[in-house]
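# An overview of the molecular structure
Chain residues, written in single-letter form:
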Amino acid sequence: MSSSLFQLCWQIPSNKLFFRSSKFSRDPKLISNTTIYPVLCFCKAMQTATYEVVNGSYIPGPMAKTGNQVKVCPSAKVEKVGAFQQLPMVMPSIDILHSALKKAKRVSPTKGIANIAKRERNRGAKQLDAFMKELAVPLRTYIENFPNRKHLHPYERSLIELTLGDGNYDEVLGNVNELRKRVVSVGKEHASLCSKSSSKKEAEERLTEGMKKLEEIFNRERNVVDDLLTIAKTLRAMPVVDLEKPTVCLVGAPNVGKSSLVRVLSTGRPEICNYPFTTRGILMGHITLNYQHFQVTDTPGLLKRCDEDRNNLEKLTLAVLSNLPTAVLYVHDLSGECGTSPFHQFTTYKEIKERFSNHLWLDVVSKCDLLLESPGTFISEDSVVEQPDFASYLKLGPTGAIHVSVKSSLGLDELKDKVHELLVSQLSKINSPKSDQELPELHC
């Protein structure tokens with residue numbers, strides 16, 4: 001990377017140029033007694049390099065050099081989180097149709113046409129054109145204002161793929177665009193035919209035929225508009241994550257008590273039930289401590305299996321860890337009440353911690369009121385041989401883990417203090433110039 005260069009060049013302007021712009025040229029008497037010296041002018045030409053600020057670091061911007069000129073190319077547009085809340089309001093297809101019919105029938109012929117046939121075909125062509133536009137313009141607005149999936153933040157892109165299904169978002173938008181093209185094509189065709197009618201009766205017939213054809217096409221395929229409406233509602237309901245606010249993400253096996261801890265730590269009120277995968281999506285809560293605002297994320301549980309075999313709920317959890325700068329609060333249940341054995345929890349925990357080692361981390365053992373009796377029913381010789389650290393994990397959990405019980409409130413004050421410290425550290429990490437380190441990719 002070359003630094004800014006300064007190039008100095010000088011030139012001596014002609015005496016004619018000097019006198020033409022000088023006040024001496026106005027009085028010839030002054031010229032004879034004046035000694036004229038050449039004027040030395042310095043012209044400074046500056047060549048600079050452009051930079052983009054990415055996560056607090058300076059990165060050279062793309063440039064295209066043409067001849068002696070340097071042309072700065074615009075950087076690629078990258079959307080921030082929050083695109084789903086800017087989606088346009090999609091009307092139900094039946095409302096679009098009824099509104100278009102109502103407005104088209106109000107259209108009157110151009111004033112001043114005395115000939116009845118001409119007036120009727122003018123009215124018919126204008127009504128068909130209005131009906132076509134009232135159907136097509138809303139569809140075009142949706143297509144233009146729904147974001148391109150490629151330009152979304154990786155986190156929101158993952159939400160689309162895992163919530164709606166791979167390719168479904170683009171497919172629905174494509175179907176809406178195809179419907180718009182058909183409406184425009186048929187509308188223009190019948191408006192042209194109506195404008196060429198030779199009599200009033202023929203114009204009326206072609207108007208009726210054209211309106212019926214447009215309505216028939218829209219009715220036959222209007223379900224794609226309703227599909228888009230469903231997508232808009234689903235995406236707009238997704239939780240918004242502020243990337244500039246520190247976030248702690250609760251991770252663990254299903255039914256280990258993550259949602260209960262979210263209720264204790266934040267304003268979030270996730271559903272709490274005694275069965276696996278109670279959390280059906282990403283849920284957000286907020287914490288305010290010492291006038292500082294933080295975020296808490298509840299995620300679906302992870303089971304012991306490879307990424308190819310994980311369901312979409314588990315992949316949502318991995319998407320959060322892969323694409324968002326979050327700290328991790330990993331929750332363990334050694335009581336055997338969650339339905340996932342401590343050995344499988346231990347195996348999954350080691351895999352996740354190794355994959356996301358660049359995240360700040362805090363371990364919590366929940367339901368410790370149930371650990372008064374040793375949970376030895378889950379230990380076996382095979383598991384001890386396969387994982388030598390499992391025996392110590394079974395007794396106290398990971399090294400340094402906090403033991404809590406929501407039922408008896410044991411350890412909750414310590415947990416809140418540790419979470420606050422974790423979030424403050426996460427804030428420092430976000431504001432640090434080194435926070436641009438790459439996160440692990442999601443293996444889908």
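As the structure is a prediction and not an experimental result, all values here were calculated from the model. (Residues numbered from 1 in each chain as written. Predicted model: local features only at pLDDT ≥ 70, side-chain atom pairs only at ≥ 80, totals over all residues. Heavy atoms only, no water.)

## Re the overall build of the protein
In terms of regular secondary structure, the protein is built from 14 helices and 12 strands. Counting over 444 residues, the protein shows a buried share of 41%. Considering only contacts within the protein whose residues lie at least 6 apart along the sequence, 73% involve residues at least 24 apart. (Helix = DSSP H or I, 4+ residues; strand = E, 2+ residues; numbered from the N terminus. Buried < 20%, exposed > 50% of the residue type's maximum accessible area, 1.4 Å probe, protein only. Contact = heavy atoms within 4.5 Å.)

## With respect to helix α3 (residues 93–105)
Given a rise of 1.5 Å per residue, 13 residues ought to cover 18 Å, and the 19 Å separating the end C-alpha atoms of α3 matches this to within 8%. For α3, the set of buried residues is S93, I96, L97, A100, L101 and A104. Down the axis, α3 shows its buried residues gathered within 125 degrees of arc, on one side only. On its buried face, α3 sits against α4 (116–145), α7 (200–221) and α8 (223–236). (Expected span 1.5 Å × (residues − 1). Arc of directions from axis to C-beta.)

## Considerations on helix α11 (residues 342–355)
The end-to-end C-alpha distance of α11, which contains 14 residues, comes to 20 Å, matching closely the 20 Å that a straight helix rising 1.5 Å per residue would cover. The set of residues buried in α11 consists of P342, F343, Q345, F346, T347, T348, Y349, I352 and R355.

## Here's the deal with the pattern of salt bridges
Pairing is possible between side chains of opposite charge, provided their charged atoms come close. In total, this model carries 15 salt bridges according to the counting rule given. As a salt-bridge pair, E216 and R220 come within 3.7 Å of each other at their nearest N and O atoms. In this pair, E216 and R220 both sit in helix α7, four residues apart, roughly one turn of the helix. Note on E216: relative accessible area 40%, which makes it partly exposed. (Salt bridge = Lys/Arg side-chain N within 4 Å of Asp/Glu carboxyl O.)

## Observations concerning the pairing of strand β11 (residues 361–365)
With respect to burial, β11 is a largely interior element, five of its five residues being buried. Covered by surrounding structure in β11 are W361, D363 and V365 together with L362 and V364, the residues of both alternating faces. Each parallel crossover has a hand, and for strand β10 (residues 326–332) linked through α11 to β11 it is right-handed. As paired strands, β11 and strand β12 (residues 402–403) are joined by two bridges and run parallel to one another. Its bridge partner lying in β12, V365 is registered against H403. (Right-handed = clockwise from strand over helix to strand, strands pointing away. Pairing = 2+ DSSP bridges.)

## A closer look at the environment of E209
Of note, E209 is situated in helix α7. Put simply, E209 and C194 are 15 residues apart on the chain and 9.6 Å apart in space, counted from C-alpha to C-alpha.

## Some thoughts on the environment of L229
Take L229: it is sitting in helix α8. Between the alpha carbons of L229 and M91 there is a distance of 7.1 Å; along the sequence they are 138 residues apart.

## Quick word on unusual backbone geometry
Residue N255 is not a glycine yet carries a positive backbone phi of 65 degrees. Here N255 lies in the loop between β7 (247–252) and α9 (258–265).

## Regarding the nonpolar core
Counting residues in each nonpolar core, the largest one holds 67 residues, and the members touching the most others are F131 and F146. Element by element, the count of residues in this core is highest for helix α6 (residues 168–195), at 10 residues. Those residues in contact with F146, other than ones at most four positions away along the chain, are L87, P88, V90, Y169, L173, L228 and A232. With 23 residues, the next largest nonpolar core counts V256, V262, L265 and L415 among its residues. (Core = buried A, V, L, I, M, F, W, Y, C linked by side-chain atoms within 4.5 Å.)

## Some words on the sheet that holds β10
The strand order β8-β9-β7-β10-β11-β12 describes an open sheet built from six strands, whose pairing is mixed. Each edge of the sheet is formed by a strand with only one pairing partner; in this case those strands are β8 (283–289) and β12. Examined bridge by bridge, β8 and strand β9 (residues 292–298) share seven bridges and lie antiparallel to one another. By the bridge assignment for β9, H286 is matched with Q295. Where α9 meets the sheet, its contacts fall on β7, β8, β9, β10 and β11, and the angle it forms with β7 comes to roughly 155 degrees. Where helix α10 (residues 312–323) meets the sheet, it contacts β7 and β10, and its direction lies at approximately 145 degrees from that of β7. (Axes fitted to C-alpha atoms, helices over the stretch in contact; angles between N-to-C directions.)

## Points about a negative patch on the surface
There is a patch of like negative charges on the surface, built from E189, E204, E205 and E209. Tracing the sequence through the fold places E189 in helix α6. (Patch = residues over 30% accessible without salt bridge, like charges linked within 9 Å, V, L, I, M, F, W, Y side chains within 5 Å. Areas by Shrake-Rupley, 256 points an atom, 1.4 Å probe, with all protein chains shown as cover. Lys, Arg positive; Asp, Glu negative; His and termini not counted. Charge placed at Lys NZ, Arg CZ, Asp CG, Glu CD.)

## Some words on the packing of aromatic side chains
Describing an aromatic ring pair means giving the distance of the ring centres and the angle of the ring planes. On inspection of all chains with the given rule, the structure shows eight aromatic pairs. An angle of 65 degrees between the planes, with centres 5.0 Å apart, marks the rings of Y330 and Y349 as edge-to-face. Residue Y330 is found in strand β10, and its partner Y349 is found in helix α11; the two are separated by 19 residues along the sequence. An angle of 85 degrees between the planes, with centres 5.3 Å apart, marks the rings of F343 and F390 as edge-to-face. Highlighted residues: F343 in helix α11 and F390 in helix α13 (residues 390–396), separated in sequence by 47 residues. Relative accessible area serves as the criterion here: at 11%, F343 is assigned to the buried category. Each member of the aromatic cluster is reached from another via a ring pair, and the members are F343, F346, F390 and Y393. (Phe/Tyr/Trp six-rings, centres within 6.5 Å; stacked < 30°, edge-to-face > 60°.)

## Some thoughts on the packing of α4 against α7
The contact between α4 and α7 brings their axes to 8 Å, and the two run at 10 degrees. Overall, the two elements α4 and α7 adopt an arrangement that is roughly parallel. In contact with I116, A117, E120, R121, R123, G124, Q127, L128, F131, M132, L135 and L139 of α4, α7 contributes K200, A203, E204, R206, L207, G210, M211, L214, E215 and F218. (Parallel < 35°, antiparallel > 145°, perpendicular 65-115°, else oblique.)

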